[in-house]
Structures are given as structure tokens and as C-alpha cells.
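Remarks on the overall topology
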Amino acid sequence: MRDIVVVGSLNVDICVQAEHIPQPGETVRAGGLGIGPGGKGLNQALAARRLGARVHMVGRVGEDRFAEVPERALQQAGVDASYVRRVSDHHTGTALVVVDASSGENAIVVAGGANHQLLPRDVRDAVAAFRASGVLLVQLELELETVEAALDLARENALVTLLDPAPVLQLSDTLLRKVDILTPNASEAERLTEIRVRDPESAAEAGSRLRERTGGNVLVTLGAAGCIWVWPTGFEHVSAPRVDALDTTGAGDAFNAGLAVGLARGESIARALRRAVRAGAAATQRSGAASAMPTPEQLDALPDGS
Ligand code: RIB
């Protein structure tokens, strides 16, 4: 099995469970306060490690007390954090997460702080981690030039490149051409294509539009409805195990990690996708982000896809 390198964000998540997600100008009562490690990069690194991969994390935290939260989480999980450094004059990335207590849906705002200080040259300094790896996981909580540097270095070293386009930004064709597997959720696919994604058919249409731009595979994740896999000559709807979601925070991260672990094992995308949808579903069964990343036993305990 090859290693996985994650170039991404490390945050502290401040989470609450509310009666509903507030509208602009509205104040809503909440409970269930939780403060813990998060960030799409850290969550994906932790999930891939829990699912059995050796993982290298490349990122930045601030010179503050919050930094200890993601640093400790990586160390306890056994993720190689030699390329995670502290930067002065910037705070550790911080996310405010509101979870709708009845549906498990969430809304997140992120103050990226030190994550935006990860530079292209820092990525190139981590070339040894890339050489040891078969798969790159990268997201958009970094500067775009840093994301592009990671994709370039991965290509130079023959890694499979996975881009989770979250939080969504408009992306150039030049950048998208460097992505082997793009994994937008429905709202990201909609923002990237201006096609309204409301069911598997419209997800396939948006996925096909994006596939024309990447030239690779596109996976449009649809939460409880699984995902649409669009490849060069067709598409398939992959269903997810039927579960009641408690908290969807981090489900997309678990999905990406599950996929990366399968690919690092040398599995086909079709097979790796089965692990990915199970990992995404399992992550909805616990509160929080990093703390909800599943183990193989939790994946095995889920019912089969519906
Ligand atoms: O995907 C969930 C993550 O998004 C949270 O952990 C939060 O930090 C934001 O990055």
C-alpha cells in the first residue's frame, strides 16, 4: 500500500447544536458546545490514518494556544506531522460550526488564518512525502497557488490527485486539468457549473460538465443519496448505506479519505467508492468533525447501500 499526502487546512472547530440554522439577522438558541480539532485537511488526514493508511500532513498553524489542538490530534492519530509548522503573527484556523439538531445538516464559517500562510515553496519542501505517496488529497482552504503547487508536485511524482473543491471557489481550466478525481458536493457542483443540482440526473449533468474541464473522473456527492460517479464515457449512481444522520460535519472529508485509502491500496475507483460512501455515512453517526472520522469497524457495522 502506498502512503497518502494531505496538503490542507488545520483548524479548531467551535461547534454548537441549534434548533435550526440561523437566517441573516436571527439569533437562535443552541446547546451541545464542542471545541476540538477540525479543518478539511486535518479531518481527511485523520480519517485516512484511521482507515489504515500511512499519512503525511502538510500545513500551517498559528503561534497560539489553539495550535496545540490540531497538533495533538495528529500526534495521537499517528499522522506524520513533520511538514506542519507554526507561523507567527497569524492565528490558527478557526471554524464556527452550527448543526441543525433535527436534521444533522450544518453551516460553517472559517477564518483561515495561518492556513493561508502555506506557500508553494513549503509544498515543494515536502517533496519527500510526495515521493513516498501514491495519492494526494487537497482542498480549497488554502491559497489557490498553493493548491496548484501541490497538484504540480503530485503530477511530477506520478501520484493520483484528488481535489475536494471546498469551500467552493471558481477554478481555472489550467488547475482543473491537473485533477484526476474532483469531488464536489451538490452545492459546489452547482456553483461551479450553474446547473441546479437537485437529483441524481442533474448531478450527472453537472458532473459531466465538470468532467469536460478536468478530463478525469468527477464524483458529485449527494449526502444520504450517495454519489454520482462521472467517468469519460458514462456515469453511475452509487448509493450510500441508509442511516439517520446525527451530524453531517466532516462527512465529505470521510468520503474523500475513504476513496484515497482505496486508491492507495491499488483498488479500482469503483471499489474504492464503496468504502468512500460508507466512510461518509459513518461520519454522520457521531458529533463533531475530526472526532467523527470512522474506523474500519464502524464501516463494517453499517447496513448495505440502499
Ligand atoms: O469539512 C468540515 C470542516 O470544514 C470543519 O472541520 C471545519 O474546520 C471546516 O474546515
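Here, the structure is the one placed above.
The model shown is predicted, which means the values in this text are computed figures rather than measured ones. (Residues numbered from 1 in each chain as written. Predicted model: local features only at pLDDT ≥ 70, side-chain atom pairs only at ≥ 80, totals over all residues. Heavy atoms only, no water.)

It is worth spelling out the sheet that holds strand β7 (residues 106–111) at this point. Strand order across the open sheet formed by four strands is β3-β2-β6-β7, with mixed pairing between neighbours. The sheet is open, and its two edges are formed by β3 (30–38) and β7, each paired on a single side. Put simply, the sheet's adjacent strands are angled 15 degrees from each other on average, direction ignored. Across eight bridges, strand β2 (residues 11–18) lies against strand β6 (residues 93–100) in parallel orientation. Residue pairing in the sheet places N11 in a bridge with G93 of β6. Across the face of the sheet, helix α2 (residues 68–77) comes into contact with β2 and β3 while running at roughly 65 degrees to β3. (Pairing = 2+ DSSP bridges. Helix = DSSP H or I, 4+ residues; strand = E, 2+ residues; numbered from the N terminus. Axes fitted to C-alpha atoms, helices over the stretch in contact; angles between N-to-C directions. Contact = heavy atoms within 4.5 Å.)

Looking at chain direction, β2 and β3 are connected through seven bridges and run antiparallel. Considered in β3, the bridge of D13 is made with G36.

Right, let's talk about the packing of helix α1 (residues 40–50) against helix α9 (residues 251–264) for a bit. Here α1 crosses α9 at 45 degrees, and the two axes come no closer than 8 Å. The angle between α1 and α9 places the two elements in the oblique class. In this structure, α1 crosses over α9, and the sense of that crossing is right-handed. Contacts between α1 and α9 involve K40, N43, Q44, A47 and A48 from the former and D253, A254, N256, A257 and V261 from the latter. Looking at the contact of α1 with α9, its residues break down into five nonpolar, three polar and two charged. (Parallel < 35°, antiparallel > 145°, perpendicular 65-115°, else oblique. Left-handed = near helix turned anticlockwise from the far one by under 90°. Nonpolar A, V, L, I, M, F, W, Y, C, P; charged D, E, K, R; others polar.)

This paragraph deals with the site of the ligand. Near the ligand, the surroundings consist of N11, D13, G38, G39, K40, N43, A95, I108, E141, G250, D253 and A289. One of the backbone N or O atoms of G39 is found 2.9 Å from an oxygen atom in the ligand. Here an oxygen atom of the ligand and a side-chain polar atom of D253 are 2.7 Å apart. Given that more than half its atoms are within 2 Å of the pocket grid, the ligand belongs to the largest pocket. When residues of the shell around the ligand are traced back to their parent elements, those giving at least two are β2 and α1. Among the residues forming the shell around the ligand, the class breakdown is three nonpolar, five polar and four charged. (Near = heavy atom within 4 Å. Polar contact = N/O pair within 3.5 Å; in protein donor to acceptor, adjacent residues only side chain to side chain. 1 Å grid on protein atoms, 1.4 Å probe; cavity = no way out; pocket = protein on both sides within 12 Å on 5 of 7 lines; lining within 4 Å. Sits in = over half its atoms within 2 Å of the grid points.)

Taken as a whole, the largest pocket holds about 1,200 Å³ of empty space. Along the wall of the largest pocket there are 47 residues; nearest its centre are N106, N185, T248, A251 and G252. Mapped by element, the contributors of at least two residues to the lining of the largest pocket are β2, α1, β6, β7, α7 (186–193), α9 and α10 (269–283). By residue number, the principal contributor to the lining of the largest pocket is α9, which donates five residues. Counted as a void, the second largest pocket has a volume near 240 Å³. Around the second largest pocket, the lining comprises 20 residues; the ones closest to its centre are G36, S287, G288, A289 and S291. In terms of residue count, β3 provides more of the lining of the second largest pocket than any other element does, five residues in total. (Points joined across faces, edges and corners; volume = space filled by probe spheres on them.)

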